[in-house]
Amino acid sequence: MFVTVLFGDNKMEMLNLNCKLLSFISHLKERCGLDEEECVELMDSSGRLMSLEGRQQSMALASSVLEERRHYILLRVHRDEGHGDQKYAPHLSNFNQSHPELTDLLRKLSDPDKNQAAKIRGRRQRSKHSRSKKYLENNKTKK
């Protein structure tokens, strides 16, 4: 039972799932040249996060979280201690070119508040535009 993790400059590592998550994540960081203290996450090809962050010290089997024979993209998790926000950065050099369909999704995951604000702003602008249009139509009929 293996998975393939994509990282760095088009590098791949096959990792065994038949071990505890604690060992899997530690070995993943070592093989990918990351510091043991860094927080990591894996994203599958559909853009779904595997939620490794909360399981960094878990004794559950890696196979309980990850599916065998799948490809995952290694992400670094950066936390903003002041706001509790998380930002995800791919640890893959050509992520934008090799996975353009996931680039926008990763941006949304890294800044959910900004995306929510943009949606609300868009709704307000559309609503304001409709009210202006109705006002103009009403004033034309009165004249």
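Scroll up a little and you will see the structure.
Residues numbered from 1 in each chain as written. Predicted model: local features only at pLDDT ≥ 70, side-chain atom pairs only at ≥ 80, totals over all residues. Heavy atoms only, no water.

Student: Explain the overall build of the protein to me, please; I cannot follow it from the model alone.
Tutor: Scanning the protein for helices and strands turns up four helices and five strands. In the protein, the succession of helices and strands from N to C terminus is β-β-α-β-β-β-α-α-α. A separation of at least 24 residues holds for 54% of the contacts in the protein among residues at least 6 apart in sequence. Of the accessible surface of the protein, which amounts to about 9,700 Å², a share of 48% is contributed by carbon and sulfur atoms. (Helix = DSSP H or I, 4+ residues; strand = E, 2+ residues; numbered from the N terminus. Contact = heavy atoms within 4.5 Å. Areas by Shrake-Rupley, 256 points an atom, 1.4 Å probe, with all protein chains shown as cover.)

Student: Help me understand the nonpolar core in this model?
Tutor: Burial of nonpolar side chains together is a common tendency in soluble globular proteins. In terms of nonpolar packing, the biggest core is built from 20 residues, with Val 3, Phe 24, Leu 28, Leu 42, Leu 66 and Leu 74 touching the most fellow members. Contributions of two or more residues to this core are made by β1 (2-7), α1 (21-31), β3 (39-44) and β4 (71-80). If you tally residues by element for this core, the top one is α1, at four residues. If we ignore the near neighbours within four places in the chain, the residues touching Leu 28 are Val 5, Leu 15, Val 40, Leu 42 and Leu 74. (Core = buried A, V, L, I, M, F, W, Y, C linked by side-chain atoms within 4.5 Å. Buried < 20%, exposed > 50% of the residue type's maximum accessible area, 1.4 Å probe, protein only.)

Student: Where do I start with the pattern of salt bridges in this structure?
Tutor: Here the idea is simple: oppositely charged side chains can pair when their charged atoms come close. Using the criterion set out here, one finds six salt bridges in the structure. A salt bridge links Glu 67 to Arg 48, with the nearest nitrogen and oxygen atoms 3.5 Å apart. Separated by 19 residues along the polypeptide, Glu 67 in the loop between β3 and β4 and Arg 48 in the loop between β3 and β4 bring together distant segments of the chain. You can call Glu 67 partly exposed: its relative accessible area is 39%. With relative accessibility at 42%, the residue Arg 48 sits in the partly exposed group. With its nearest N and O atoms 3.4 Å apart, the salt bridge here joins Arg 70 to Glu 67. Several salt bridges share partner residues, and in doing so they unite Asp 44, Arg 48, Glu 67 and Arg 70 into one network. (Salt bridge = Lys/Arg side-chain N within 4 Å of Asp/Glu carboxyl O.)

Student: Quick question: what am I supposed to make of the pairing of strand β2 (residues 11-16) here?
Tutor: If a strand is regular, its side chains alternate between the two faces of the sheet. By the bridge criterion, six bridges tie β1 to β2 in an arrangement that is antiparallel. Bridging across to β2, Phe 7 finds its partner in Lys 11. (Pairing = 2+ DSSP bridges.)

Student: Sorry if this is basic, but what is going on with unusual backbone geometry here?
Tutor: Phi is positive for Asn 10, which is not a glycine, with a value near 55 degrees. A residue is classified by how much of its surface remains accessible, and Asn 10, at 57% relative accessible area, is exposed. In this structure, Ser 51 takes a positive phi of about 55 degrees despite not being glycine. Locating Ser 51 in the fold gives a position in the loop between β3 and β4. On the basis of relative accessible area, Ser 51 is assigned to the partly exposed category, the value being 40%.

Student: Hey, could you run me through a negative patch on the surface in this one?
Tutor: A contiguous patch of negative charge, built from Glu 30, Asp 35, Glu 36 and Glu 37, is present on the exposed surface. Along the chain, Glu 30 falls in helix α1. (Patch = residues over 30% accessible without salt bridge, like charges linked within 9 Å, V, L, I, M, F, W, Y side chains within 5 Å. Lys, Arg positive; Asp, Glu negative; His and termini not counted. Charge placed at Lys NZ, Arg CZ, Asp CG, Glu CD.)

Student: Explain the pairing of β1 to me, please; I cannot follow it from the model alone.
Tutor: Counted residue by residue, β1 has five buried out of six residues, so it is predominantly covered. The hairpin formed by β1 and β2 contains three residues between the paired strands, and Gly 8 there has a positive phi angle of roughly 55 degrees. Two strands pair when backbone bridges link them, and β1 and β4 are joined in this way by three bridges, in the parallel orientation. Looking at β4, one finds that Val 5 is bridged to Tyr 72.

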